[in-house]
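Reading the structure
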Amino acid sequence: EAGVAQSPRYKIIEKRQSVAFWCNPISGHATLYWYQQILGQGPKLLIQFQNNGVVDDSQLPKDRFSAERLKGVDSTLKIQPAKLEDSAVYLCASSLASGGTRAHEQYFGPGTRLTVT
Amino acid sequence: AQSVTQLDSQVPVFEEAPVELRCNYSSSVSVYLFWYVQYPNQGLQLLLKYLSGSTLVKGINGFEAEFNKSQTSFHLRKPSVHISDTAEYFCAVRAPGAQKLVFGQGTRLTINP
């Protein structure tokens, strides 16, 4: 099966600019996650969608970050305006809806490496 | 809330030597435990998981991990490493009924020839 797709793979912007990342999850996966991975740290969940509804966005800096999953498939994560501390890899993951052992497994995309200068 | 501590940020070993990557967790409830591997410029790949049952869990690429409830640990082991095992390894926990993964800081495994 095709994996989680993300684009772009790399992005360099100046502080105060805007940027958007795109994610296409595995077909049939109802749950989609965005993680932020700062260099030298483990991934931190930013937002979780179940279909097109938000399940958890408690760690999303809502003053500058936004995300949507309009049709319950693809998702975009936006940063506006970007700060230097937003430099990180942004990982998208997906999983089946809850229920059953396989539902525990999250599949990750390759990530988008953002550098803010 | 759950938290994960990976006790070593870097572990250098020689090829064909055994390795253990340490992971301790903190939680007020029972948890599910995971190890993920991240190769350079790639996303995370699941190595193995503990949900219930046998405390010794076998995963891909010859890795295994043992769940120790009394010590709240889930250490990852491999009896003989290969150059291709060079990567970053992440331990993660998840509360039953939740889907949010909480990751440790990662351990960089470097294999020397």
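Scroll up to find the structure.
Keep in mind that this is a model prediction, so the values were computed, not measured.

If you look at the biggest cluster of nonpolar residues, it comprises 28 residues, and the most contacted ones within it are B:W35, B:L48, B:L76 and B:Y89. The leading source of residues in this core is strand β10 (residues 87-94) of chain B, at four residues. What B:Y89 contacts, discounting residues up to four positions off in sequence, is B:Q6, B:L21, B:W35, B:Y36, B:V37, B:L47, B:F63, B:L76, B:G106, B:T107 and B:L109. In terms of nonpolar packing, the next biggest core, distinct from the first, is built from 21 residues, A:L32, A:A82, A:C92 and A:V116 among them.

Residue and element names in this part refer to chain A. With antiparallel pairing, the four strands of this open sheet are ordered in space as β1-β3-β8-β7. Pairing within the sheet leaves two strands with one partner each, and these edge strands are β1 (5-7) and β7 (65-68). On average, adjacent strands in this sheet sit at an angle of 15° to one another, irrespective of strand direction. As defined by bridge partners, β1 adjoins strand β3 (residues 19-24) across three bridges and the pair is classed as antiparallel. Note that in β3 the partner of S7 across the bridge is W22.

Below, the discussion takes up the pattern of salt bridges. All names here are of chain B. Across all of its chains, the model carries nine salt bridges over all chains by this definition. Put simply, R77 and E66 hold a salt bridge, and the shortest N to O gap is 3.5 Å. Remark: E66 occurs in strand β8 (residues 64-68) and R77 occurs in strand β9 (residues 73-78); sequence separation between them is 11 residues. The exposure class of E66 is partly exposed, given its relative accessible area of 34%. Several salt bridges share partner residues, and in doing so they unite E20, E66 and R77 into one network.

Rules behind the numbers
- Residues numbered from 1 in each chain as written.
- Chains lettered and ligands numbered in written order.
- Predicted model: local features only at pLDDT ≥ 70, side-chain atom pairs only at ≥ 80, totals over all residues.
- Heavy atoms only, no water.
- Core = buried A, V, L, I, M, F, W, Y, C linked by side-chain atoms within 4.5 Å.
- Buried < 20%, exposed > 50% of the residue type's maximum accessible area, 1.4 Å probe, protein only.
- Helix = DSSP H or I, 4+ residues; strand = E, 2+ residues; numbered from the N terminus.
- Contact = heavy atoms within 4.5 Å.
- Pairing = 2+ DSSP bridges.
- Axes fitted to C-alpha atoms, helices over the stretch in contact; angles between N-to-C directions.
- Salt bridge = Lys/Arg side-chain N within 4 Å of Asp/Glu carboxyl O.

In short, the description is geometric, and any link to function would need to be established separately.
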